[in-house]
Protein chains: 2
Amino acid sequence: MDKEISQAVISRLPRYLRYLGDLKDRNVERISSSELSVLMKVTASQIRQDLNNFGGFGQQGYGYNVDFLYSEISKILGLEHQYNFIIIGAGNLGKALGGYLNFEKRGFIFKGMFDKDPSLIGTEVRGVKVMSMEELPGFIRSGNIDIAVLTIPKEGAVLVAKVLVENGIKAIWNFAHVDLDVPENVQVENVHLSDSLMKLSYNISSYDQTKK
Amino acid sequence: MDKEISQAVISRLPRYLRYLGDLKDRNVERISSSELSVLMKVTASQIRQDLNNFGGFGQQGYGYNVDFLYSEISKILGLEHQYNFIIIGAGNLGKALGGYLNFEKRGFIFKGMFDKDPSLIGTEVRGVKVMSMEELPGFIRSGNIDIAVLTIPKEGAVLVAKVLVENGIKAIWNFAHVDLDVPENVQVENVHLSDSLMKLSYNISSYDQTKK
DNA sequence: CGCTAATTGACAATATTTTAACACAAGATG
DNA sequence: CATCTTGTGTTAAAATATTGTCAATTAGCG
């Protein structure tokens, strides 16, 4: 019986990976939880506890081997897989994400792009042609697509999500400003930019008030 | 002595605001915490507790007035202010954010854009000209700029953040894939897109494994 | 090859966050 | 105008998450 890992822990793993990647680049071979805790400004205890959710990656008296830990966390995050993704919505944000080369390095392969606007259909982003929405269901089914990136206004998002789910998508990276209601076999990760901006707004005005 | 409001609560406020906005659009006048809890799929208890951090906005036997609650949460989030923002990095993501009209509605005013690439300088995004990095310090100082949006690669981000802080920026909305170290009077909100994508990756492969 | 210092992994102790329970005010009903 | 229902605000309990501590183990060194 595997115990469930909390999302709080998962959310921290990419950050560990980032710092370990930096250490790798600087040819650091080993690191202790307390050294890492200084770099990352978290407690050493939390680092150890987080890692021990997945097994003992360190060695007493030595610490953690940077390369080994990096690759273990990569595995945990599923980054040894390749995932094919498509982008729905060829606006600026869609184009920005499609053009972002680093995703490719992590095993996320950009396979297709869709939009309902006829003037965008046929244009290209990084060698990938924008297709019409009519072509979407067939493309998912035949192209072994895992992830759909939703970069369309919230009005259309719910309906499009329905189509995605019906055609067997595994996951949705949702930038539309609406909560999607999907079956539990479909993973959703929301990026609500305006929520993030409002949090910033809160922190600005809250700081201004305490200062005053 | 005001007790500190936890970031967990703050993070939920924009979502409340979103649902309340939808209710407003549908001309719903009042709503109870339990009705809202069904819509939002959270406990009614949490809603009441969250709101009561800031004061009693509801009325016994009546519930919450939608318009009133909407405007109260807006105030809490500091959305009655206007904030001027600039974007550093005129790549696709920067252009996407600059072109996003909804921010304007919330009181975030797009004032300037900067890039180090000479071929981009002089181009326009929604009527705003891209300027050179040399012009940045003066622009912040003279233009009453509150927020800087950082959409540049991580290599340059730390240095640019330093410049921003030195010239009196209040807040940084950081899309660069690096943690910024700034004084406590500067608010930072991170949007690490690859972290988010990795979380999605984890959830896909973790679901695949339990299913197997 | 054995001793010392370092450092993990496990677990106990705190702290925080979420959920539940409930007394009671406000409004509705007849 | 008495009674009943609704639904808040608040306090208490439960569940999660974080931090501190320490025995056990190992690397490094003489």
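Above this note sits the structure.
Per chain, residues are indexed from 1 in the order of the written sequence. Labels follow written order: the first chain is A, the first ligand is 1, and so on. In keeping with the predicted nature of the model, local features appear solely for residues at pLDDT of at least 70, side-chain atom pairs appear and are counted solely at 80 or more, and the whole-chain, interface and lining totals rest on all residues. Only heavy atoms go into the side-chain values, all of them from the structure, while hydrogens and water stay out.

## Re the protein's contact with DNA strand D
For clarity, the cut-off: Throughout, the term near means that a residue has one or more heavy atoms lying within 4 Å of the molecule or strand in question. Any pair of N or O atoms that falls within 3.5 Å is considered a polar contact. Within protein, one atom must be able to donate a hydrogen and the other to accept it, and sequence-neighbouring residues count only if both atoms are side-chain atoms. Helix and strand definitions here come from DSSP, where helices need a minimum of 4 consecutive H or I residues and strands a minimum of 2 consecutive E residues; each element is numbered from the N-terminal end. When residue character is reported, Ala, Val, Leu, Ile, Met, Phe, Trp, Tyr, Cys and Pro are called nonpolar, Asp, Glu, Lys and Arg charged, and the others, Gly included, polar.
Neighbouring DNA strand D are 26 residues, the closest being Arg12, Ser45 and Gln49 of chain A together with Ser33 and Arg48 of chain B. What you see for DNA strand D is that sugar and phosphate hold 62% of its atoms within 4 Å of the protein. The side chain of serine 33 of chain B places a nitrogen or oxygen atom 2.5 Å from a phosphate oxygen of DNA strand D. At the level of secondary structure, the elements contributing two or more residues to the surface near DNA strand D comprise α3 (44–52) of chain A together with α3 (44–52), β2 (58–59) and β3 (63–65) of chain B. The element best represented in the surface near DNA strand D is α3 of chain A, accounting for four residues. In the surface near DNA strand D, the residues fall into four nonpolar, 18 polar and four charged.

## Section: the sheet that holds strand β10 (residues 187–190) of chain B
Residue and element names in this part refer to chain B. Applied cut-off: Paired strands are those between which DSSP finds at least two bridges. Two residues form a contact once any of their heavy atoms are found within 4.5 Å. The axes are straight lines fitted to the C-alpha atoms, using for helices just the contacting stretch, and the angles between their N-to-C directions are given from 0 to 180°.
Taking strand neighbours across the sheet as the criterion, the seven strands line up as β6-β7-β5-β4-β8-β9-β10 in an open arrangement whose pairing is mixed. The open sheet terminates on both sides in strands that have one partner only, identified here as β6 (124–125) and β10. Both strand β4 (residues 83–88) and strand β8 (residues 147–150) contribute to a ladder of four bridges, which runs parallel. Bridge assignment links isoleucine 86 to a residue of β8, and that residue is alanine 148. Helix α7 (residues 136–143) rests against β4, β5 (108–114) and β7 (128–131) of the sheet, and its axis sits at about 175° to β4. Set on the sheet, helix α8 (residues 154–166) makes contact with β4, β8 and β9 (171–174); between it and β8 the angle comes to about 170°.

## With respect to the sheet that holds β3 of chain B
Overall, antiparallel pairing links the three strands, which are arranged β1-β3-β2 (chain B) in an open sheet. The sheet terminates laterally at β1 (30–31) and β2 of chain B, the two strands that pair on one side only.

## Remarks on the relation of the copies chain B and chain A
Selection rule: Superposition of the copies was done by least squares, using only C-alpha atoms of residues whose pLDDT is at least 70 in both.
Taken as rigid bodies, chain B and chain A are interconverted by a rotation of 180° and an axial shift of 0.0 Å, the fit giving an RMSD of 0.1 Å. In the structure described here, the two chain copies are related by an operation that fits a two-fold rotation axis. When the interface residues of chain B are mapped onto chain A, 98% of them again fall at the interface, so both copies present the same face.

## As for the interface of chain B and chain A
Note the cut-off: Reported buried area values correspond to the accessible surface (1.4 Å probe) lost by two parts on association, with both partners' losses combined. The term salt bridge refers to a side-chain nitrogen of Lys or Arg lying within 4 Å of a carboxyl oxygen of Asp or Glu.
The interface of chain B with chain A comprises 58 residues on the first partner and 58 residues on the second. Where chain B abuts chain A, roughly 5,300 Å² becomes buried across the two surfaces, and 63% of that area is made up of carbon and sulfur atoms. Among the residues of chain B in contact with chain A, Arg18, Met198 and Tyr202 of chain B are the three that bury the most area, contributing 13% of the side total. Across the contact surface, chain B and chain A share twelve salt bridges. Here lysine 41 of chain B ties to aspartate 181 of chain A by a salt bridge, and the two come within 3.1 Å at their closest N and O atoms. The tally of links from chain B across to chain A stands at 24 residue pairs in polar contact (both at pLDDT 80 or more). Mapped onto the side of chain B that touches chain A, the elements with two or more residues apiece are α1 (7–25), α5 (92–98), β9, β10 and α9 (193–211) of chain B. The element contributing the most residues to the side of chain B that touches chain A is α9 of chain B, with 15 residues. Among the residues forming the side of chain B that touches chain A, the class breakdown is 30 nonpolar, 14 polar and 14 charged.

## Points about the protein's contact with DNA strand C
Not every one of the 24 residues close to DNA strand C is listed here, only the nearest: Ser33, Asn52 and Gln60 of chain A together with Arg12 and Ser45 of chain B. Sugar and phosphate atoms constitute 61% of the interface atoms of DNA strand C, taking the interface as everything within 4 Å of the protein. For DNA strand C, a phosphate oxygen lies 3.1 Å from a polar atom in the backbone of glycine 58 of chain A. With respect to DNA strand C, the side chain of arginine 12 of chain B contributes an N or O atom lying 2.8 Å from a phosphate oxygen. Looking at which element gives the most residues to the surface near DNA strand C, the answer is α3 of chain B, with four residues. Partitioning the surface near DNA strand C into residue classes produces three nonpolar, 17 polar and four charged.

## Notes on the environment of isoleucine 31 of chain B
Residue and element names in this part refer to chain B. Residue position: isoleucine 31 is located in strand β1. Sequence separation between isoleucine 31 and tyrosine 62 is 31 residues, and the spatial gap between their C-alpha atoms is 8.0 Å. Setting aside residues no more than four positions away along its own chain, isoleucine 31 makes contact with Leu23, Leu36, Leu39, Gly63, Tyr64 and Val66.

## Overview of the environment of serine 71 of chain B
Within the fold, serine 71 of chain B resides in helix α4 (residues 66–76). Serine 71 of chain B sits 50 residues away from glycine 21 of chain B along the chain, and the two C-alpha atoms are 9.8 Å apart.

## Focus on helix α8 (residues 154–166) of chain A
Residue and element names in this part refer to chain A. Rules: Expected helix span is computed as 1.5 Å times (number of residues minus one). For every residue, the accessible area obtained with a 1.4 Å probe (protein chains only) is divided by the maximum for its type, and the residue is called buried under 20%, exposed over 50%, and partly exposed between those limits.
Its 13 residues place the ends of α8 19 Å apart at the C-alpha level, agreeing with the 18 Å of an ideal helix rising 1.5 Å per residue. Those residues of α8 lying buried are Ala157, Val160, Ala161 and Leu164. Considering only its buried residues, α8 is in contact with β4 (83–88), α7 (136–143), β8 (147–150) and β9 (171–174).

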